[in-house]
Amino acid sequence: MVSRRLKWLAAPYILWMGVFVVSPLVIVTFFAFTARDGGFGLDNFLQLRAFAPVFARSFYLAFLATAVCLLLGYPFAYALSRESARVQGAALLLVMLPMWMNFLLRTYAWMNILENNGLINRFLGNFGIGPLQLINTQGAVVLGMVYNYLPFMILPVFTVIQKIHASLIEAAQDLGGNARVVFARVVFPLSLPGVLSGITMVFVPSASTFIISKLLGGGKVLLLGDLIEMQFLGNAYNLHLGSAISIVMMLLVVLCMTVMNRFGDRGDVIYV
Amino acid sequence: MKKALSVAALALTAALALTACAGGPRIIVYNWGEYFDEELNAAFTKETGVKVVYRTFDTNEILYASMKSGGVAYDVIIPSDYMVGLLIEEDMLQPLDKGKLSNYGDVMEMYRDLEYDPGGRYSVPYMTGSVGIIYNTTKVTKPVESWDILWDPDYEGQIIIFDNSRDALGIALKKLGYSFNTTSENELREALAALIEQKPLLQAKMMDQIFDKLTSGAAAIGTYYAGDFIEMRKDNPDLAFVWPKEGTNVFVDAFCIPKNAKNPDGAHMYIDYMCRAESGLANVDVTGYSTPLQSVYEQLDEDWLEDGISYPEGGILQYGEVFKSLPKATRELYDRLWTDYNAAS
């Protein structure tokens, strides 16, 4: 237990949270429930029906990106956990290396690769193929999300798998479990906390991104983030509607996460 | 992309501007990015002793949002025509004291009394320019005369248009033969229908990135600014520029002083300094846009006049129409139409 005297050490962070997390939330909520002319009401939320396709598209693409990250990231993290410390160190460095570069630059680089006269299409052109429509598609947007957020899946999964005690796996093997059973009934259930935080860390920024869709979707794949940005910095300048969209998006994300965590808890109960 | 940065910059601007050096008189200037010879700021400070805190924005709407948020009291801002109109309408500008602007007489007659600011009470033109169709002559072989070319199925996947409601709907309005400044709901709905019809042909809609896409040859045809075309053609001689026959958007960016300016005297000095011929020439060199100052125009190099794009015979205003500030109901209609357009698959 942390002694009571040390509690004040948390004060700076609590202050930070209050000023930069709680008060903005209060302001956003206030805007969401007020109209341009100042009256209180649900008008902003009623308008949101028009944006249903945008909500659906955002969550669908974020879901795809998360699934791809999980399919790519989990096996990698699992394989890496069985390597020597030196290999692990080098591999983790490579996973994190791109993050040292500016996010926008990395996404810009993808534009040059996917462009109609970009690297891929120029290469294919040598064989008389194409040009293929790669950029300004939903696929390009998902690719951008996967590329940018994959490390956020690998790192938590790896950290958790690595901490699974070898004796647990040995015990399962001693009790006659083959490799599949050991993975399905021991390693995977124990790695779920890492998977869940990985999913959260990929899904949330994917659902709310606006710059990836702008750069790789060419303004044709409108996501929630773009919609919100339009309300604050576009012609519209409707802070109230923008706030309402933000609130609903937050609630939907919280809902998704709650459902996911339920699923995770049950997993623990059954297998541990 | 610039826009994404400026979201963060918006917050920083507020913080920086407030903490900037306290000693001596100073002014805060808010201008478009990449649209000014910044060495002039140092020269101005040297001559007058007034320090310049220089900040930039990327769209009129970011400027508007920043002013509305009230974080910083700017002394000089440089919005475009329709935004000047909106700021006047919302009582956010102060009338200029022409007595303090000794160089105002150099502003060409035709730019002194435009619809967004009748009589030029609140604004002094900084630069003017126009939108046109820029196309790659190796890929677009049909004659380009009309906005219709942006609806031509032969160029499917090669067309880029502006990614904001006023410009995009405006071009559709012009194609249909209507005014940019129409308030008719029927005309605007027709324009929306035209844009939705065009949607499958588009490669993308974007803003600043159009420059790169057209210059690199990634797209064959798009809408962009005459001033930038001069730069683009240096990198890609295959590009050509046309004002469509239906008319185009002519814009004027103008110096204004917000109502809540802390140093209106310094602001007047600054505007007057920028209206000198030397300052105007320096800015034309850096930006490539067209000057509204007579003495600058007379001293320009031949190259600028040759192609007739930056300074067409008889003035640019005959090729198009300047945006006016639209009534609130029309602005809200634009928002709804633009949302419908973006949501349409």
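Please read these numbers as outputs of a predicted model, since none were measured by experiment.

*Asks:* Mind showing me how you'd approach the overall build of chain A here?
*Replies:* The helix and strand tally for chain A stands at 12 helices and 0 strands. Taken along its principal axes, the extent of the C-alpha atoms in chain A is 70 × 70 × 35 Å. Sorting the 272 residues of chain A into buried and exposed places 42% on the buried side. In chain A, the share of contacts with a sequence separation of at least 24, taken over all contacts with a separation of at least 6, comes to 71%. On chain A, roughly 15100 Å² of surface is accessible, and the fraction owed to carbon and sulfur atoms is 72%. Looking at charge distribution, chain A has the averaged site of its 17 positive side-chain charges lying 3 Å from that of its 10 negative ones.

*Asks:* What's the story with the nonpolar core in this structure? I'm lost.
*Replies:* Where a protein is soluble and globular, its nonpolar side chains tend to be buried together. If you look at the biggest cluster of nonpolar residues, it comprises 147 residues, and the most contacted ones within it are Ile245 of chain A together with Ile77, Val124, Leu150, Leu195 and Tyr270 of chain B. Lining this core are residues from two domains, each supplying at least three of them: domain 1 (2-126 + 251-313) and domain 2 (129-249 + 324-343) of chain B. With residues near it in sequence (within four places) discarded, leucine 150 of chain B still touches Ile133, Ile159, Ile171, Gln198, Leu201, Ile221 and Thr223 of chain B. One finds Tyr74, Val95, Trp110 and Ile154 of chain A within the second-largest nonpolar core, a separate group that totals 43 residues.

*Asks:* What's the story with empty space enclosed by the protein in this structure? I'm lost.
*Replies:* To find leftover empty space, one rolls a probe the size of a water molecule over the atoms. Residues and elements named next belong to chain B. Under the definition given, this model contains 4 cavities of 30 Å³ or more. Listing elements by their share of the lining of the largest cavity, those giving two or more residues are strand 4 (124-136) and helix 8 (226-235). Among the elements that make up the lining of the largest cavity, the one with the highest residue count is strand 4 (3 residues). Tallied by class, residues from the lining of the largest cavity come to 5 nonpolar, 7 polar and no charged. Looking at the lining of the largest cavity, you find at least three residues from each of domain 1 (2-126 + 251-313) and domain 2 (129-249 + 324-343). As a volume, the second largest cavity reaches approximately 50 Å³. Around the second largest cavity sit Pro125, Tyr126, Met127, Phe255, Met274, Cys275, Gly280, Asn283, Thr291, Pro292 and Leu293, which together line it. At the level of secondary structure, the elements contributing two or more residues to the lining of the second largest cavity comprise strand 4 and helix 10 (277-287). At 3 residues, the largest contribution of residues to the lining of the second largest cavity is made by strand 4.

*Asks:* Would you take a moment to explain the sheet that holds strand 1 (residues 26-32) of chain B for this structure?
*Replies:* Think of a sheet as strands paired side by side through backbone hydrogen bonds, with each pair either parallel or antiparallel. All names here are of chain B. Strand order in this open sheet of 3 strands is 2-1-3, and the pairing throughout is parallel. Because the sheet does not close on itself, it has two edges, and the strands there are strand 2 (51-57) and strand 3 (76-77). By the bridge criterion, 2 bridges tie strand 1 to strand 3 in an arrangement that is parallel. Looking across to strand 3, one finds that tyrosine 30 is bridged to isoleucine 77. Helix-sheet contacts for helix 2 (residues 39-48) involve strand 1 and strand 2, and the interaxial angle to strand 2 is about 155 degrees. Of the strands in this sheet, strand 1, strand 2 and strand 3 are in contact with helix 3 (residues 60-69), which crosses strand 1 at around 145 degrees.

*Asks:* How should I be thinking about the domain arrangement of chain B in this particular structure?
*Replies:* By a widely used convention, the size of an interface equals the accessible area lost when the partners come together. All names here are of chain B. When its domains are assigned, chain B resolves into domain 1 (2-126 + 251-313) and domain 2 (129-249 + 324-343). Counting residues at the interface gives 17 residues for domain 1, matched by 18 residues for domain 2. Interface area, domain 1 with domain 2, both sides summed: about 1500 Å², of which 57% is carbon and sulfur. Together, Phe251, Tyr289 and Ile309 form the three largest contributors to the area buried by domain 1 at its contact with domain 2, with a combined 42%. With its nearest N and O atoms 4.0 Å apart, the salt bridge here joins arginine 331 to glutamate 90. Put simply, domain 1 and domain 2 have 5 residue pairs in polar contact (both at pLDDT 80 or more) between them. With 4 residues, the single largest contributor to the side of domain 1 that touches domain 2 is helix 4 (residues 81-89).

*Asks:* Explain the pairing of strand 6 (residues 202-206) of chain B here, please?
*Replies:* A regular strand places its side chains so that they alternate between the two faces of the sheet. Residue and element names in this part refer to chain B. In terms of burial, strand 6 is largely enclosed, as 5 of its 5 residues are buried. Here 4 bridges tie strand 5 (residues 159-162) to strand 6, and the two strands are oriented parallel to one another. Among the inter-strand pairings, phenylalanine 162 is bridged to a residue of strand 6, identified as methionine 206.

*Asks:* Sorry, what's going on with the side chain of aspartate 37 of chain B here?
*Replies:* All names here are of chain B. Within the element layout of this structure, aspartate 37 appears in the loop between strand 1 and helix 2. No salt bridge forms around the buried aspartate 37; measuring N to O, its nearest opposite-charge neighbour arginine 276 is 13 Å away. Apart from residues no more than four positions distant in its own chain, aspartate 37 is found in contact with Ala282, Asn283 and Val286.

*Asks:* Explain the interface of chain B and chain A here, please?
*Replies:* Listed as interface residues are 34 residues of chain B and, on the opposing side, 29 residues of chain A. Summing both sides of the interface, chain B and chain A together bury roughly 2700 Å²; the carbon and sulfur share of this comes to 56%. Between the two partners, chain B and chain A, sit 1 salt bridge. Note that lysine 213 of chain B is salt-bridged to glutamate 115 of chain A, the shortest N-O span being 2.5 Å.

*Asks:* Whenever I open this one, the packing of aromatic side chains confuses me. Can you help?
*Replies:* Scanning the model with the defined rule gives 37 aromatic pairs over all chains in all. Taking 4.6 Å as the distance between ring centres and 50 degrees as the angle between the ring planes, the aromatic pair formed by tryptophan 16 of chain A and phenylalanine 20 of chain A counts as tilted. Linking tryptophan 16 of chain A with phenylalanine 20 of chain A, this pair stays in helix 1 (residues 11-32), spanning 4 residues, or about one helical turn. Across this residue pair, the class does not change: tryptophan 16 of chain A and phenylalanine 20 of chain A are exposed. Ring centres 5.2 Å apart and planes at 90 degrees place the aromatic pair phenylalanine 180 of chain B and phenylalanine 323 of chain B in the edge-to-face group. Remark: phenylalanine 323 of chain B occurs in the loop between strand 10 (320-321) and helix 13 (328-343) and phenylalanine 180 of chain B occurs in the loop between helix 5 (165-175) and helix 6 (185-198); sequence separation between them is 143 residues. Each member of the pair, phenylalanine 180 of chain B as well as phenylalanine 323 of chain B, is classed as buried. The ring of phenylalanine 323 of chain B carries arginine 166 of chain B above its face, with NZ or CZ at 4.3 Å from the centroid.

Basis of the calculations
- Residues numbered from 1 in each chain as written.
- Chains lettered and ligands numbered in written order.
- Predicted model: local features only at pLDDT ≥ 70, side-chain atom pairs only at ≥ 80, totals over all residues.
- Heavy atoms only, no water.
- Helix = DSSP H or I, 4+ residues; strand = E, 2+ residues; numbered from the N terminus.
- Buried < 20%, exposed > 50% of the residue type's maximum accessible area, 1.4 Å probe, protein only.
- Contact = heavy atoms within 4.5 Å.
- Areas by Shrake-Rupley, 256 points an atom, 1.4 Å probe, with all protein chains shown as cover.
- Lys, Arg positive; Asp, Glu negative; His and termini not counted.
- Charge placed at Lys NZ, Arg CZ, Asp CG, Glu CD.
- Core = buried A, V, L, I, M, F, W, Y, C linked by side-chain atoms within 4.5 Å.
- Domains from an automatic or database assignment.
- 1 Å grid on protein atoms, 1.4 Å probe; cavity = no way out; pocket = protein on both sides within 12 Å on 5 of 7 lines; lining within 4 Å.
- Points joined across faces, edges and corners; volume = space filled by probe spheres on them.
- Nonpolar A, V, L, I, M, F, W, Y, C, P; charged D, E, K, R; others polar.
- Pairing = 2+ DSSP bridges.
- Axes fitted to C-alpha atoms, helices over the stretch in contact; angles between N-to-C directions.
- Buried area = accessible area lost by both parts, 1.4 Å probe.
- Salt bridge = Lys/Arg side-chain N within 4 Å of Asp/Glu carboxyl O.
- Polar contact = N/O pair within 3.5 Å; in protein donor to acceptor, adjacent residues only side chain to side chain.
- Phe/Tyr/Trp six-rings, centres within 6.5 Å; stacked < 30°, edge-to-face > 60°.
- Lys NZ or Arg CZ within 6 Å of the ring centre and 35° of its normal.

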